Every structure is written in C-alpha cells, then in structure tokens.
Amino acid sequence: MPGTSVIGLQWGDEAKGKIVDLLTQRHDVVVRYQGGANAGHTVVVGEEVYKLSLLPSGVLTPGVTCVIAGGVVLNPAKAIEELGELASRNVEDSDNLKISDRVHVIFPWHFAEDRVMDKNTSDGENIGTTGRGIGPCYRDKVGRSYAVRLGDMYRDTFREQVQHNVEVKNGILAAMYPPGEFAPLDAQAIYEEYRAYAEKLKPYVADTTEYLLTAAEAGKRILFEGAQGALLDVDHGTYPFVTSSNSSGVGISNGSGVPARYINHTIGIVKAYTSRVGGGPFPTEQDNQLGQQIRDKGNEYGTVTRRPRRCGWLDAVAVRYTTRLSGVDSICLMLMDVLSGFDELKICTAYELDGEQSTRFPSHVDDLRRVQPIYETLPGWSEDLTGATSKSDLPANALAYVDRVSELIGVPVEMVSVGPARSQTISLK
Ligand code: IMP
C-alpha cells in the first residue's frame, strides 16, 4: 500500500518538482490536490527544461496517470496552454491526465478580485499574492453562492450561472475599485470563452475521487504532489500571509478524497536556506548583501511571477514545526550547492520572544514578527558541489551541515540535491 507524499516544508519554492519527478518513476499515479496555477514547478529532463504550473510534474513520465483532484482550483486556459506546450514538444503521455469534475474554476472576476483585494488586508501589509485568482476562487468555493465547478460547465444551467455571477460580481467589483478603474465584465463573452475551454478539456474530465479510491484500494502506488509550502497553509501557516488551501500534509486527504491511511511515507522538501516571496514575517531573512548573494546564486526569482524572492538562513524552528505538522518521515535537502563559498553558515535553532527562548513556532503573526532568531554558526565550505554524485564527494563541512539539520529537525535527511538535473541528486540512505 505504497502511498507517498511530497510536501514543501517552508514558504514554497523548495524544488519539489525535481523530487516528484524522480519519485514518479516508482509510482502508478501522481496527484495534485490543492492550489492551482500559483505553483511553479521546474523539471529538467536531459537538456529539456519544463516549467509547469498546473499539470502534475508526472506528465513527463510515460505510463503514469496524472490526476488533478477536486481540491485544486483550475485555470482552464492555463491547463490547455500547458497541454499544448507538452504536445508541441512531443511529450507523449499527456493523454494520461484526469481532471476532477469537482475542481472549482477560476473566472475573470477572480483575477479582478485578486488584484484589488491584495492591497486591502486588515493587517496593512500586502499578502503579495501571485495574482492568479486563487484566493477569490477558494472564497467562492466556501461561500458556495457564486462558485462554478468544472462539472457545471457541461450542464444546461452554465449560461445562467455565468450571467448571474457576472451581474453580482460587476456590482461588487465596481464598489471595490477606485472610481473609473473597473471595466464591467461581459457575461456572453465569458460564457463563450469558457464553453470553448470546457470542450477542449472534456476528454480529461473524470470523477477522480472514485478513480483514486479504487486505485488506492487496489494497492496502486500513488504519489501526492503538494504545491506551495507548509508555512503557507491557510490553517496552520503564517496567517494571513498564506495561500488559500491546506498546503501542509494535512491537506492531502481533503484535496484528493483519499483517506490518510493510504499514505504511508511522507517526504519533506527543505531548501538548505530559506526563501519567501510575497509579504509576511520571515525571522531569518537577510535583507542585505548576504541575502542578495544567496538570491543570485540560487536564481531566487519566482517561476510564476519572476518576483525576486526574499532570502535568508535556514530556520530549523519553522521546519521542525512543519515536519511534525505534515508527519514527515524523511527530508530531501535541496540547493545545497548554493551554500558553497560562505565562510560560515547559520541555522536558526530557537526564537527569543519577550526575553524568553523557545523552539515553539508562534501561532500569531504579530509574535512571529517580534521574535529574534537565535543562531548556531557552522563552518562553510568552498568546494563546488554541483559535480558531486555520492556522499563521499561531499566535503566534511557540508556533511556536518546536513547532519546538524537532521538533528535539529528530528528526521533523517535521505537525499541531498546539488543542482537541477536528475543526476545531481545524492542518496544518503
Ligand atoms: P496566492 O496563493 O496567489 O493567493 O498567494 C498567497 C501567498 O502565497 C503569496 O505570498 C504568494 O507569494 C505565496 N505563494 C503562492 N504560491 C506560491 C508558490 O508556489 N511558491 C511560493 N510562494 C507561493
């Protein structure tokens, strides 16, 4: 009953796509179950670089069934664009894709809401969303009144649904935008555009809950591909500076419909340092020359938005928390090559708040803003790691860093990644 999950344990961009790609070969089914086209997965296969936002990275592996489960919010234009891109590059197996008829669909009003609402948080700081309509679509899903699921788009009532939603949303959006800045949406044009999308996606639409339950019961090997990172989890992350889905391990069952009992191994993906894109507190941030050095070496610019990512030291308090939250069994430590060339490296091992030291990750964002990170300093290494292929190729200081991370987080590091290619992965097992 080998169900495996891959979860990012920081604020996203931990290079999960690479590990999912490696593991895919040992699975029958790969599932995306939350988020949407806010994610950006880069997979390098030989000379080819693929950038996927919505389709599971598994589409690059022949013979694997890929599922976009009901917990995802779907931008249909993006799905069609990515399918077209794979077809044009002769990636054969994109036919083996199933998209849940339960996914909620992102419409133009969601993009318009995302643009205006991001600037209006009660906290005063922007969330800095990816602008992909993710939050507004999830809000309508929970609110129910104006939601549209993919399955609705094949019903006779779809035209009426769009008409009704556009009327209401035009009123709401006109009130939200500064006078004269919102051009009303055209229901007929949206209906026609989305009917065309529905037709193109028809061959892929399925009841994926039923499909996955049957696959799990039959003992199929299922890989659950988390998007974003656990610190962006809407319930357990750095709220309100989070995404709108459960991006930690707790989201797998509700997003996919597969009970937790079928997931027997969880791999946490951790960057050897920390990055964050968008607003919100980041205790170990290095908003200085050092942070810039990490950003340049690690090419820390958003895959989806190209925004420069904020960079800083590894925060073991945060990662230990998300490791426990997601029930992680082992860790893959990514982008280790980026840390070459620093005289010394720091890891945050505790926080100080109001004169007290603690390893608890604060539940309120105001407390997280006020913590002072307590660092442990480790010696760096100067060797370039990108050519390392086995444990014995790693310098002693790099191995000491890996061991210390494992000790602080409380689970073994099973793999170290030293570059984007499949071959640049070192197993420590
Ligand atoms: P949203 O998911 O577009 O609503 O954005 C909410 C927050 O999550 C913002 O800070 C985004 O920058 C962040 N975010 C969303 N998706 C990703 C991702 O895939 N990687 C990193 N950050 C993300």
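Here we summarise the structure given alongside this text. (Residues numbered from 1 in each chain as written. Predicted model: local features only at pLDDT ≥ 70, side-chain atom pairs only at ≥ 80, totals over all residues. Heavy atoms only, no water.)

To continue, consider the overall build of the protein chain. Within the protein chain, the regular secondary structure consists of 12 helices and 20 strands. In terms of overall size, the protein chain behaves like a compact globule, its C-alpha atoms giving a radius of gyration of 22 Å where 429 residues would be expected to give roughly 22 Å. The C-alpha extent of the protein chain, read off along each of the three principal axes, is 65 × 50 × 40 Å. Residues counted as buried form 56% of the 429 residues belonging to the protein chain. In the protein chain, of all internal contacts separated by at least 6 residues, the share reaching a separation of at least 24 is 76%. When the accessible surface of the protein chain is summed, it comes to about 17600 Å², and 47% of that surface belongs to carbon and sulfur atoms. Each charge class in the protein chain can be summarised by its mean position, and for the 43 positive and 55 negative side chains these summaries are 2 Å apart. (Helix = DSSP H or I, 4+ residues; strand = E, 2+ residues; numbered from the N terminus. Rg over C-alpha atoms; globule rule 2.2 N^0.38 Å. Buried < 20%, exposed > 50% of the residue type's maximum accessible area, 1.4 Å probe, protein only. Contact = heavy atoms within 4.5 Å. Areas by Shrake-Rupley, 256 points an atom, 1.4 Å probe, with all protein chains shown as cover. Lys, Arg positive; Asp, Glu negative; His and termini not counted. Charge placed at Lys NZ, Arg CZ, Asp CG, Glu CD.)

Our focus in this paragraph is the packing of helix α2 (residues 76-88) against helix α6 (residues 187-201). Running from amino to carboxyl end, α2 crosses α6 at an angle of 45°, the nearest separation of the two axes being 10 Å. Classed by the angle they form, the pair α2 and α6 counts as oblique. You can see that α2 and α6 cross each other, and the crossing is left-handed. The residues of α6 that touch α2, namely those facing Pro76, Ala77, Ala79, Ile80 and Leu83, are Tyr194, Tyr197, Lys200 and Leu201. Residues belonging to the contact of α2 with α6 are distributed by class as follows: eight nonpolar, no polar and one charged. (Axes fitted to C-alpha atoms, helices over the stretch in contact; angles between N-to-C directions. Parallel < 35°, antiparallel > 145°, perpendicular 65-115°, else oblique. Left-handed = near helix turned anticlockwise from the far one by under 90°. Nonpolar A, V, L, I, M, F, W, Y, C, P; charged D, E, K, R; others polar.)

Now for the environment of Ile331. With respect to the helices and strands, Ile331 occurs in strand β15 (residues 330-334). Taking the C-alpha atoms as reference points, Ile331 and Gly268, 63 residues apart in sequence, are found 4.7 Å from one another. Excluding residues within four positions of it along the chain, Ile331 makes contact with Leu9, Gly268, Val270, Thr323, Ile409, Val411, Pro412, Val413, Glu414 and Met415.

Moving on, we get to the state of the cysteines. The full count for this structure, using the stated rule, is zero disulfides. Left unpaired, Cys66 is separated from the closest cysteine sulfur, that of Cys332, by 19 Å. With relative accessibility at 0%, the residue Cys66 sits in the buried group. Cys348 forms no disulfide, and the closest cysteine sulfur to it belongs to Cys311, at a distance of 16 Å. (Disulfide = S-S within 2.5 Å.)

As a further point, take the site of the ligand. Looking at the ligand, there are 16 residues lining it, with Asn38, Thr130, Thr243, Val277 and Arg307 nearest. Interatomic distance of 3.4 Å between a backbone N/O atom of Ile127 and an oxygen atom of the ligand. Out of a free accessible area of 470 Å², the ligand has 97% covered by protein chains. Each residue belonging to the shell around the ligand can be placed in one class, and the counts come to six nonpolar, eight polar and two charged. (Near = heavy atom within 4 Å. Polar contact = N/O pair within 3.5 Å; in protein donor to acceptor, adjacent residues only side chain to side chain.)

Further remarks concern helix α7 (residues 208-217). All buried positions along α7 are accounted for by Thr208, Thr209, Leu212, Ala215 and Ala216. Here the buried residues of α7 occupy an arc of 130° about the axis, which is enough to place them on one side. Two to three positions downstream of the cap, the backbone nitrogen of Thr209 sits 3.3 Å from a side-chain oxygen, assigning the N-cap of α7 to Asp207. Just beyond α7, the residue with positive phi is Gly219, at close to 80°. (Arc of directions from axis to C-beta.)

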